[in-house]
Amino acid sequence: MTPDIRKIVIYDEEVLIEGFRAASVPWRMFAVAAVVRNPWAGRYVEDLKPEIQAYGPVLGEMLTDRMIALAGGGDAIEAYGKAAVVGLDGEVEHASGLIHTLRFGNHFREAVGAKSYLSFTNTRGPANAPIMVPLMDKNDAGRRSHYLTIQFAIPDAPRADEIVVVLGAATTGRPHHRIGDRYQDLKDLGHDVDNPAAV
């Protein structure tokens, strides 16, 4: 059992001027998306595990290899994330199933030497639906300069019986970051990292 992939889409942007000021280093964000036939479309399936376990490693390895090639190496990636958009004949659970498995995400995590979890979105929509890939620092979840979002769309995907599965990354944080990080807020509030709301 292998995923039926209709096409691969690459999104790549490089920002040279942000906020009316040149970036000292170009701000680059990029993503690779696989448009995959949804094996559960149009029906309720109780056990999703067989397809998740079969598809996860294939998609994880393929998308990771392309991401690393785009970056020129895992060390060049500072922020990362993942997303999935399921077509209208599927459940959000189907989108979640293909990206929320270590069999998928660990390929990317290991390739970039990351400690943080992969930030994510999982949504449902028609062809040309917005694809939002949230990013965060691969090693420091409190580093706000690397809280980013890649946004793009694929005009003919997902079809009703498809899922778009995506990995995204950035080589830097925002060029003119100046809002501090979570740790200063926690210190100011007298809270700790494990219980930021002090509840």
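Here, the structure is the one placed above.
In this text the structure is predicted, and so the values were computed from the model without any measurement.

Turning our attention to the overall build of the chain. From N to C terminus, the chain includes four helices and seven strands. Reading the secondary structure of the chain in the N-to-C direction produces β-β-α-β-α-α-β-β-β-β-α. Relative to the compact-globule value of 16 Å for 199 residues, the chain shows a C-alpha radius of gyration of 18 Å, a close match. Buried positions account for 46% of the 199 residues belonging to the chain. When the accessible surface of the chain is summed, it comes to about 9,900 Å², and 51% of that surface belongs to carbon and sulfur atoms. Charged side chains of the chain number 21 positive and 26 negative; the gap between the two group centres comes to 2 Å.

Quick look at unusual backbone geometry now. A cis amide bond links Ala-157 with the next residue in sequence, Pro-158, at an omega value of 0 degrees. Relative to the assigned elements, Pro-158 resides in the loop between strand S6 (148-152) and strand S7 (162-170). A positive phi angle, near 70 degrees, is found at Phe-20, a position not held by glycine. Note on placement: Phe-20 falls in the loop between strand S1 (5-18) and strand S2 (21-37). Unlike most non-glycine residues, Asn-128 shows phi in positive territory, near 70 degrees. Note on placement: Asn-128 falls in the loop between strand S4 (119-124) and strand S5 (131-137).

Here we come to the pairing of S2. Examined bridge by bridge, S1 and S2 share twelve bridges and lie antiparallel to one another. From the neighbouring strand, Glu-18 faces S2, where its bridge partner is Arg-21. With antiparallel pairing between neighbouring strands as the criterion, S1 and S2 make up a hairpin whose turn holds two residues, including Gly-19 at a positive phi of roughly 60 degrees. Pairing of S2 with S7, which is carried by nine bridges, proceeds in the antiparallel orientation. Across the sheet, residue Met-29 finds its bridge partner in S7, namely Ala-170.

Let us look at the packing of aromatic side chains. All chains considered together, the criterion is met by two aromatic pairs. For the pair Tyr-11 and Phe-152, a centre-to-centre distance of 5.1 Å together with 10 degrees between the ring planes defines the contact as stacked. Placement of Tyr-11 in strand S1 and of Phe-152 in strand S6 is noted, with a sequence separation of 141 residues between them. Measuring from ring centre to ring centre gives 5.5 Å for Tyr-80 and Phe-108, while their planes differ by 55 degrees; the resulting arrangement is tilted. Here Tyr-80, found in strand S3 (residues 79-86), pairs with Phe-108, found in helix H3 (residues 102-112); they are 28 residues apart in sequence, far enough to count as distant. For Tyr-80, a relative accessible area of 0% corresponds to the buried category. Owing to a relative accessible area of 0%, Phe-108 belongs among the buried residues under this scheme.

What counts and what doesn't
Residues numbered from 1 in each chain as written. Predicted model: local features only at pLDDT ≥ 70, side-chain atom pairs only at ≥ 80, totals over all residues. Heavy atoms only, no water. Helix = DSSP H or I, 4+ residues; strand = E, 2+ residues; numbered from the N terminus. Rg over C-alpha atoms; globule rule 2.2 N^0.38 Å. Buried < 20%, exposed > 50% of the residue type's maximum accessible area, 1.4 Å probe, protein only. Areas by Shrake-Rupley, 256 points an atom, 1.4 Å probe, with all protein chains shown as cover. Lys, Arg positive; Asp, Glu negative; His and termini not counted. Charge placed at Lys NZ, Arg CZ, Asp CG, Glu CD. Pairing = 2+ DSSP bridges. Phe/Tyr/Trp six-rings, centres within 6.5 Å; stacked < 30°, edge-to-face > 60°.

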